[in-house]
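Okay, here's what each chain looks like letter by letter:
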Amino acid sequence: MLTRMTFLLALVVSVVLSATGGAQTRIVNLNSFTFVDTVSGTSTTNITLGMSIQWTLITGSPHTVTSTSPGGTGVIFNATIDPSTPTFTFTPPFPGQFTYICSPHVSFGMTGTINVAIPLLYPGS
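Residues numbered from 1 in each chain as written. Predicted model: local features only at pLDDT ≥ 70, side-chain atom pairs only at ≥ 80, totals over all residues. Heavy atoms only, no water.

A.B. asks: Give me the sheet that holds strand S8 (residues 96-101): which residues, what numbers.
C.D. replies: Taken together, 5 strands build an open sheet; the order of strands is S3-S9-S8-S5-S6 and the sheet is mixed. In the strand order of this sheet, the two ends are held by strand S3 (44-48) and strand S6 (78-81), each with one partner. The mean angle between the axes of side-by-side strands here comes to 20°, regardless of whether they run parallel or antiparallel. (Pairing = 2+ DSSP bridges. Helix = DSSP H or I, 4+ residues; strand = E, 2+ residues; numbered from the N terminus. Axes fitted to C-alpha atoms, helices over the stretch in contact; angles between N-to-C directions.)

Spelled out as structure tokens, the structure:
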């Protein structure tokens, strides 16, 4: 019974990963006082479950990437990005919306949003 369940679980994971093209990473650049998703060109990143986000320091002073409280779950990620650590990668653990800020620069409007959707299991679904 366990072997059959293991097989079914592996099959579902395989289908989900093939539908999303495998694990993918979306890049968000930190330019001065803004977060800029390289696909949308805005501070909003739209991905599917299983994908990752990588924040990359392009210009400016040190920043943080700090999640705000989605649904009362508390801080999920909090990283400092500076010349010695110019990137940070996060893979959302569940679908939904994640908002984040740069703690020292939130008063400048340095905020972002990640929208995580459940991947389609097959084209057209």
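Don't stop here, the text continues.
A.B. asks: Can you explain the pattern of salt bridges? Please cite residues and give values.
C.D. replies: Counting across every chain of the model gives 1 salt bridge. Ionic pairing is found between aspartate 37 and arginine 26, a salt bridge with its closest N-O pair at 3.7 Å. With a gap of 11 residues between them, aspartate 37 in strand S2 (residues 34-37) and arginine 26 in strand S1 (residues 25-31) connect regions that are remote in the sequence. Taking relative accessible area as the criterion, aspartate 37 reaches 1% and is therefore assigned buried. For arginine 26, a relative accessible area of 14% corresponds to the buried category. (Salt bridge = Lys/Arg side-chain N within 4 Å of Asp/Glu carboxyl O. Buried < 20%, exposed > 50% of the residue type's maximum accessible area, 1.4 Å probe, protein only.)

A.B. asks: So, the nonpolar core: which residues are in play, and what are the values?
C.D. replies: Counting residues in hydrophobic clusters, the biggest one holds 20 residues, and the most contacted among them are Phe35, Trp55, Val65, Phe77, Phe88, Tyr100 and Ile114. If you list the elements that add at least two residues to this core, you get S1, strand S4 (52-59), S6, strand S7 (87-90), S8 and strand S9 (111-117). Excluding residues that lie within four positions of it along the chain, phenylalanine 77 makes contacts with Trp55, Val65, Thr66, Ser67, Phe88, Phe90, Tyr100 and Ile114. (Core = buried A, V, L, I, M, F, W, Y, C linked by side-chain atoms within 4.5 Å. Contact = heavy atoms within 4.5 Å.)

A.B. asks: Please provide a residue-by-residue account of unusual backbone geometry, values included.
C.D. replies: The phi dihedral of serine 32 is positive, around 55°, even though this residue is not glycine. Examined against the element boundaries, serine 32 turns out to sit in the loop between S1 and S2.

A.B. asks: Tell me what's going on with the side chain of threonine 56, and back it up with residues and numbers.
C.D. replies: In this fold, threonine 56 is placed in strand S4. What makes threonine 56 buried here is its relative accessible area of 15%. When sequence neighbours within four positions are dropped, the list of residues in contact with threonine 56 reads Ile27, Val28, Asn29, Leu30, Pro86 and Thr87.

A.B. asks: Before we move on, could you go through the packing of aromatic side chains and cite the residues and values that matter?
C.D. replies: The full count for this structure, using the stated rule, is 10 aromatic pairs. Measuring from ring centre to ring centre gives 5.2 Å for tryptophan 55 and tyrosine 100, while their planes differ by 80°; the resulting arrangement is edge-to-face. Here the residue tryptophan 55 occupies a position in strand S4, and tyrosine 100 occupies one in strand S8, the gap between them amounting to 45 residues. Aromatic rings pair up to connect Phe35, Trp55, Phe77, Phe88, Phe90, Phe94, Phe98 and Tyr100 into one cluster. (Phe/Tyr/Trp six-rings, centres within 6.5 Å; stacked < 30°, edge-to-face > 60°.)

A.B. asks: Tell me about the sheet that holds S1, and please be specific about residues and values.
C.D. replies: Strand pairing in a sheet is mediated by backbone hydrogen bonds. Such pairs are either parallel or antiparallel. Spatial strand order, S2-S1-S4-S7: 4 strands in an open sheet with mixed pairing. Pairing within the sheet leaves two strands with one partner each, and these edge strands are S2 and S7. In this sheet, adjacent strand axes meet at a mean angle of 25° when their direction is disregarded. Pairing of S1 with S4, which is carried by 7 bridges, proceeds in the parallel orientation. Across the sheet, the residue bridging to valine 28 is tryptophan 55, located in S4.

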